[in-house]
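# Secondary and tertiary structure notes
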Amino acid sequence: VNGTDGIGSGWSTNIPPFNPKDIVSNIRAMMNGDELMDMKPWFRGWDGFIERISKDKFKMEGNIEQIDDNTIEITELPARMWTITMKEYLLQGLAGTDKVKPWIKDMQEQHGIGIKFVITLTDEEMKKALSVGLKEKFKLTTTISTSNMVAFDPQGRIKKYDHVNQILEDYYHVRLDYYQRRKDQLATQFSNQLEKLSCQARFIKLIIDKELVVSNKKRLDLIEELQSLKFPGFDKNNNPVYAKIKKENPESLSDIE
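Summary of the structure given here. Because the structure is a prediction, the values reported are computed rather than measured.

### A closer look at empty space enclosed by the protein
Summed over all chains, the structure comprises two cavities of 30 Å³ or more. Taken as a whole, the largest cavity encloses approximately 50 Å³ of empty space. The wall of the largest cavity is formed by Phe18, Met39, Arg52, Lys55, Phe58, Thr146, Met149, Asp162, His163 and Val164. Among the residues making up the lining of the largest cavity, the classes are represented as five nonpolar, two polar and three charged.

### Thoughts on the pattern of salt bridges
By the definition in use, this model includes 13 salt bridges. Among the salt bridges present, the one from Asp38 reaches Arg52, with a minimum N-O distance of 2.7 Å. Of this pair, Asp38 sits in the loop between helix H1 (20-32) and strand E3 (49-54) while Arg52 sits in strand E3, placing them 14 residues apart in sequence. Asp38 gets classed as partly exposed once you look at its relative accessible area, which sits at 44%.

### Describing the sheet that holds E3
Read from one edge to the other, the open sheet built from three strands follows the order E3-E4-E9, with strand pairing classed as antiparallel. Whereas interior strands pair on both sides, the edge strands pair on one side only; in this sheet they are E3 and strand E9 (141-145). Pairwise comparison of adjacent strand axes, ignoring direction, gives a mean angle of 30 degrees for this sheet. Where strand E4 (residues 57-61) lies against E9, five bridges are found, and the strand directions are antiparallel. Counterpart to Glu61 in the pairing with E9 is Thr141.

### Description of the pairing of strand E1 (residues 4-8)
In the sheet, E1 pairs with strand E2 (residues 11-15) via five bridges, with the strands oriented antiparallel. Of the residues in E2, the one forming a bridge with Gly8 is Trp11. Following E1, the chain reverses through two residues before pairing antiparallel with E2; Gly10 in that reversal takes a positive phi of roughly 85 degrees.

### Focus on the layout of surface pockets
In this structure, the second largest pocket occupies an estimated 330 Å³ of space. Val1, Ile15, Ile23, Val164 and Ile167 are, among the 16 residues lining the second largest pocket, the residues nearest its centre.

### With respect to unusual backbone geometry
Positive phi, normally seen in glycine, also occurs at Lys139, with a value near 55 degrees. On the secondary structure map, Lys139 appears in the loop between helix H4 (134-137) and E9. Lys139 sits in the partly exposed class, given a relative accessible area of 46%. Phi is positive for Lys210, which is not a glycine, with a value near 60 degrees. Inspection of the secondary structure puts Lys210 in the loop between helix H5 (164-208) and helix H6 (219-228).

### Re the sheet that holds strand E8 (residues 117-120)
Taken in spatial order, the four strands of this open sheet run E5-E6-E8-E7, and their pairing is antiparallel. Of all strands in the sheet, those with a lone pairing partner are strand E5 (63-66) and strand E7 (106-109), marking the two edges. Along the sheet, successive strands turn relative to each other by an average axial angle of 20 degrees, direction set aside. Note that strand E6 (residues 71-76) and E8 share four bridges and pair antiparallel. Within E8, the residue paired with Thr71 across the bridge is Thr120. With respect to the sheet, helix H2 (residues 83-95) is in contact with E6, E7 and E8, its orientation differing from that of E7 by roughly 160 degrees.

### Observations concerning the side chain of Thr71
Tracing the chain through its elements places Thr71 in strand E6. In this structure Thr71 comes out as buried when scored by relative accessible area, which is 11%. Residues contacting Thr71, with those up to four places away along its chain left out, are Glu65, Gln66, Val118, Ile119, Thr120 and Met126.

### Some remarks on the pairing of E5
Pairing of E5 with E6, which is carried by four bridges, proceeds in the antiparallel orientation. Its bridge partner being in E6, Glu65 is matched across the sheet by Glu73.

Cut-off values and rules
- Residues numbered from 1 in each chain as written.
- Predicted model: local features only at pLDDT ≥ 70, side-chain atom pairs only at ≥ 80, totals over all residues.
- Heavy atoms only, no water.
- 1 Å grid on protein atoms, 1.4 Å probe; cavity = no way out; pocket = protein on both sides within 12 Å on 5 of 7 lines; lining within 4 Å.
- Points joined across faces, edges and corners; volume = space filled by probe spheres on them.
- Nonpolar A, V, L, I, M, F, W, Y, C, P; charged D, E, K, R; others polar.
- Salt bridge = Lys/Arg side-chain N within 4 Å of Asp/Glu carboxyl O.
- Helix = DSSP H or I, 4+ residues; strand = E, 2+ residues; numbered from the N terminus.
- Buried < 20%, exposed > 50% of the residue type's maximum accessible area, 1.4 Å probe, protein only.
- Pairing = 2+ DSSP bridges.
- Axes fitted to C-alpha atoms, helices over the stretch in contact; angles between N-to-C directions.
- Contact = heavy atoms within 4.5 Å.

What is shown is where atoms sit, not what they do.
Shown next as structure tokens:
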């Protein structure tokens, strides 16, 4: 979902983020035994264009539009490009360098909720920009690779994944196992809780019916009597304990309710 990149001892990894909705759809496809769909990297709030250009490479493009004969607007950058990076490039085109003459006539920033650079070019420079492509001229194209997706597999071993769906397939079976463990744990907790409440209700009823007297009795004697009536004890984890408590070993009562 979030993606990751970093360096470890002898290994590096770069996993781009993917759309949670696509991930959910693929997990449901696995549950139904259907074929998984191909997923593209996805960046929350990003409004550019992305397409697969090879097995493990995607092309990302920002948004640029010519609004009149000499004016263009940039309203989205390639994902992971900072606004300041584009600003520095445009200012360089506005001021020129020792080797390159100024080729931008004017540049304004009109950012609001999103990005917006308004750029004015001369007729000649607009013609040049259109000939090479506006996105190429203003460096609004880049690539993102999935050729270095390295992670620990379910057995804790380093594994290089060739496709993001392989990560999902490993995750699916591990997560399914833990859902079952959680279900079993909750079922045990509820079962123990039911047994404890049932025992408490039976205990109260015995007292009301005067079949059990608890006043003026030593704790060990009372416990022995409750055990003879098939009452369990409960440990700190609320698990029932049916082991007999011996009077000569009162320390064994310390962890039992």
